[in-house]
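# Chains, contacts and geometry: an overview
Listed below are the residues making up each chain.
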Amino acid sequence: MADQTHVLFVEDDDVIREATQLALERDGFAVTAMPDGLSGLESFRANRPDIALLDVMVPGLDGVSLCRRIRDESTVPVIMLSARADSIDVVLGLEAGADDYVTKPFDGAVLVARIRAVLRRFGHASGGEKADDGSDPTGGGVLTFGDLEIDTEGMEVRRAEQPVALTPTEMRLLLEFSSAPGTVLSRDKLLERVWDYGWGGDTRVVDVHVQRLRTKIGQDRIETVRGFGYKLKA
């Protein structure tokens, strides 16, 4: 397991849990599968996986609440699984700190692709050995926007001289904005650059993460350009 990416998978349906675990293991992941939220939380704390894959509707502690608990303790990437493309399920999961979501029923290849996309932007290889791609869209250095300072090499952010805690996804999103201040970035472009989507994705993922980022760096720092996207105020 030391040489593999470790996935925590929480799913109460025995058939889905076992089939998905086998599929992920065939693709080179080490998988710990748990049937409910409480055992999932215990496993997370004991094993500190590289990524968590959480079904929304699990007993004991639902997936959204489990995501919040994980996010309180770690910035490990989280993907939510939902049986519905329901807006409430999706938004609640993302607002709880999830980095992405996949709707059930899902194709195994699609799920693996989404996991690998998340891992790539978190500095992990695709299912096997871990790696750091070293990507920095800003070119390095410290960028300043009003009271906001972004250290693109140390990957640290300060607002009014106080540290700001960002998840890796939020940091990647901020780096994209800061690489082109004043330039409107469309939701599709952000999905491609930050979420590594080579296909059309759900733009709600972008919208919720922008809102989360605004609460941390200032509501007026990122401007909505209606009908086009968002831009960072220079």
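Described in the following lines is the structure provided in the data block.

Helix and strand counts for the chain stand at 8 helices and 11 strands. Of all intrachain contacts in the chain linking residues separated by at least 6 positions in sequence, the fraction that spans at least 24 positions is 59%. On the chain, roughly 10600 Å² of surface is accessible, and the fraction owed to carbon and sulfur atoms is 48%.

As for its position among the elements, Val56 is in the loop between strand E3 (51-55) and helix H3 (63-73). Residue class for Val56 comes out buried when judged on its relative accessible area of 6%. The spacing of Val56 and Leu66 is 10 residues in sequence and 9.0 Å in space, taken between C-alpha atoms. The residues contacting Val56, other than those within four sequence positions of it, are Asp62, Gly63, Val64, Met80, Leu81, Ser82 and Asp89.

Turning our attention to the pairing of strand E11 (residues 229-232). Inspection of the sheet shows strand E10 (residues 222-225) paired to E11 by 4 bridges, in the antiparallel sense. Bridged to Val225 within E11 is Gly229.

With an omega dihedral of -5°, the bond running from Lys104 to Pro105 counts as a cis peptide bond. With respect to the helices, strands and loops of the structure, Pro105 is situated in the loop between strand E5 (100-103) and helix H5 (108-121). A positive phi is found at Met155, a non-glycine position, where the angle reads about 55°. Mapped onto the elements of the fold, Met155 is located in the loop between strand E7 (148-151) and strand E8 (156-159). Non-glycine residue Glu161 carries a positive phi angle of around 70°. Following the sequence through the fold, Glu161 ends up in the loop between E8 and strand E9 (162-164).

Within the fold, Arg17 resides in helix H1 (residues 14-26). A polar contact is formed between the side chain of Arg17 and the backbone oxygen of Glu11, at a distance of 2.8 Å. Once residues lying within four places of it in the same chain are set aside, the contact partners of Arg17 are Phe9, Glu11, Asp12, Ala33, Met34 and Pro35.

This brings us to the nonpolar core. Ranked by internal contacts, the top residues of the largest apolar core, which has 47 residues, are Leu54, Met80 and Phe177. A total of 6 residues in this core trace back to one element, the largest contributor, which is helix H8 (residues 204-217). In this structure, Phe177 is in contact with Leu185, Leu190, Val210, Leu213, Ile222, Tyr230, Lys231 and Leu232, ignoring residues within four places of it in sequence. Core analysis: the next-biggest nonpolar cluster, separate from the first, contains 16 residues, Val7, Val31, Leu111 and Val112 among them.

With that settled, the discussion passes to the pattern of salt bridges. In the structure shown here, the tally under the stated rule is 17 salt bridges. One salt bridge connects Asp27 with Arg116, and the closest N-O pair in it is separated by 3.5 Å. One end of the pair, Asp27, is in the loop between H1 and strand E2 (30-34); the other, Arg116, is in helix H5, and 89 residues separate them in sequence. The salt bridge partner of Arg193 is Glu176, with a shortest N-O separation of 3.7 Å.

Quick look at the sheet that holds E9 now. For sheets, the rule is that strands pair by backbone hydrogen bonds, running either parallel or antiparallel. Pairing within the open sheet is antiparallel, and its 4 strands lie in the order E6-E7-E8-E9. Looking at strand neighbours, the two that pair on one side only are strand E6 (142-145) and E9, the edges of this open sheet. The average angle at which neighbouring strand axes cross in this sheet is 25°, direction not considered. As defined by bridge partners, E8 adjoins E9 across 3 bridges and the pair is classed as antiparallel. Each residue of the ladder has a partner; that of Arg159, found in E9, is Gln162. Across the sheet, helix H6 (residues 168-178) is in contact with E6, E7 and E8; its angle to E7 comes to roughly 105°.

Each α-helix winds once per 3.6 residues, and so residues spaced three or four apart point in a common direction. Considered for burial, the residues of H3 that qualify are Gly63, Val64, Leu66, Cys67, Ile70 and Arg71. All buried residues of H3 lie within an arc of 155° about the axis, which places them on one face of the element. At the N-terminal end of H3, a side-chain oxygen is found 3.0 Å from the backbone nitrogen of Val64, two or three residues along, and the residue is Asp62.

Conventions and cut-offs
Going along each chain's sequence as written, the residues are numbered from 1 onward. pLDDT decides what is reported in this predicted model: residues at 70 or higher carry local features, side-chain atom pairs at 80 or more are listed and counted, and totals for whole chains, interfaces and linings draw on all residues regardless. Hydrogens and water molecules were not included; the side-chain quantities draw on all heavy atoms of the structure. For the purposes of this entry, the term helix denotes a DSSP run of H or I that reaches at least four residues, the term strand denotes a run of E that reaches at least two, and both are numbered from the N terminus. Note on contacts: a residue pair qualifies if any of its non-hydrogen atoms lie within 4.5 Å across the two residues. Residue exposure ignores everything except the shown protein chains as possible cover, and the areas themselves are Shrake-Rupley values with a 1.4 Å probe. Per-residue accessibility, obtained with a 1.4 Å probe over protein chains only, is compared with the maximum for each type, and a residue is labelled buried under 20%, exposed over 50%, and partly exposed between these values. We treat two strands as partners when DSSP finds at least two bridges between them. Under this definition, polar contacts are N or O atom pairs within 3.5 Å; protein pairs additionally need one hydrogen-donor-capable and one acceptor-capable atom, and for neighbouring residues in sequence, both atoms have to be side-chain atoms. For this analysis, a nonpolar core means a set of buried residues of the types Ala, Val, Leu, Ile, Met, Phe, Trp, Tyr and Cys, connected via side-chain atoms within 4.5 Å. The term salt bridge refers to a side-chain nitrogen of Lys or Arg lying within 4 Å of a carboxyl oxygen of Asp or Glu. The angle between two axes is taken between their N-to-C directions and runs from 0 to 180 degrees, where each axis is a line fitted to C-alpha atoms and a helix contributes only its stretch in contact. To obtain the arc, one takes the directions from the helix axis to the C-beta atoms.

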